[in-house]
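Each chain, letter by letter, is given below.
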Amino acid sequence: MPDPETGGVLRRAHLQEIDPRTVYLLAKLRQDVFTLEQHADDADLDGRELEASTVLLWIEVPDAEPVTGGLERQPVAQLRILRDPDGTVHIGRVVVRADRRRDGFGRRLVRAALDVAREIAPEAVVEIGAQAYLERWYGSMGFETTGPLFLEAGIEHVPMRYVHPRD
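Cut-offs and rules
- Residues numbered from 1 in each chain as written.
- Predicted model: local features only at pLDDT ≥ 70, side-chain atom pairs only at ≥ 80, totals over all residues.
- Heavy atoms only, no water.
- Phe/Tyr/Trp six-rings, centres within 6.5 Å; stacked < 30°, edge-to-face > 60°.
- Buried < 20%, exposed > 50% of the residue type's maximum accessible area, 1.4 Å probe, protein only.
- Helix = DSSP H or I, 4+ residues; strand = E, 2+ residues; numbered from the N terminus.
- Polar contact = N/O pair within 3.5 Å; in protein donor to acceptor, adjacent residues only side chain to side chain.
- Contact = heavy atoms within 4.5 Å.

For the structure shown, the criterion picks out 3 aromatic pairs. Ring geometry for tyrosine 138 and phenylalanine 143: centres 5.6 Å apart, planes at 80 degrees, overall edge-to-face. For tyrosine 138, a relative accessible area of 3% corresponds to the buried category. A centroid spacing of 5.5 Å and a plane angle of 50 degrees characterise the contact between phenylalanine 143 and tyrosine 162, whose relative ring orientation is tilted. Here tyrosine 162 lies in strand β8 (residues 155–163) and phenylalanine 143 lies in the loop between α3 (135–139) and β6 (144–145), a separation of 19 residues in the sequence. Note on accessibility: phenylalanine 143 and tyrosine 162 belong to one class, buried.

As a further point, take the side chain of arginine 93. As for its placement among the helices and strands, arginine 93 is situated in strand β4 (residues 89–96). At 3.3 Å, the side chain of arginine 93 and the side chain of aspartate 46 are in polar contact. Setting aside residues no more than four positions away along its own chain, arginine 93 makes contact with Arg30, Phe34, Ala43, Asp44, Asp46, Gln78, Leu79, Arg80 and Glu152.

Before going further, it helps to spend a moment on unusual backbone geometry. Phi angles above zero are rare outside glycine, and histidine 39 is one such case at about 55 degrees. Following the sequence through the fold, histidine 39 ends up in the loop between α1 (20–37) and β2 (55–62). By relative accessible area, histidine 39 is classed as exposed at 60%. A positive phi angle, close to 60 degrees, is found at alanine 153, a residue other than glycine. Residue placement: alanine 153 occurs in the loop between β7 (150–152) and β8.

And the structure:
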């Protein structure tokens, strides 16, 4: 359903359910932000999207750019939800296109991811390796820091976790 203020539509799917043109645009968005903008030095595509339990969430907005391959909407924000064999849920690869970072898409995606995590694993702790400069932002959504800074892809991160409140 579109957000009335931004026109952004939240999508949820497993990789094999997504139109190939959208898969391309999701990969391009991550490349544009992680590789070109942030100069990450690890490969973004690590195979985890191919796992049957991985869920992708993204927000699309109306877009007339020719790069969309005929699609009426283009992804501007996305993340993935991973499930480990021990039941731990990870939110990762959180990305928002630079020109849309003040539109609330990141917060909307993370909150949706927490809802999905609760749906697929109600008792699971949700972990995230947050870019260090976003530690307070994630904290504002209930994540707690669980350890010291570490480098991932040449970028400072901090381990954080979210425990769903009991109803």
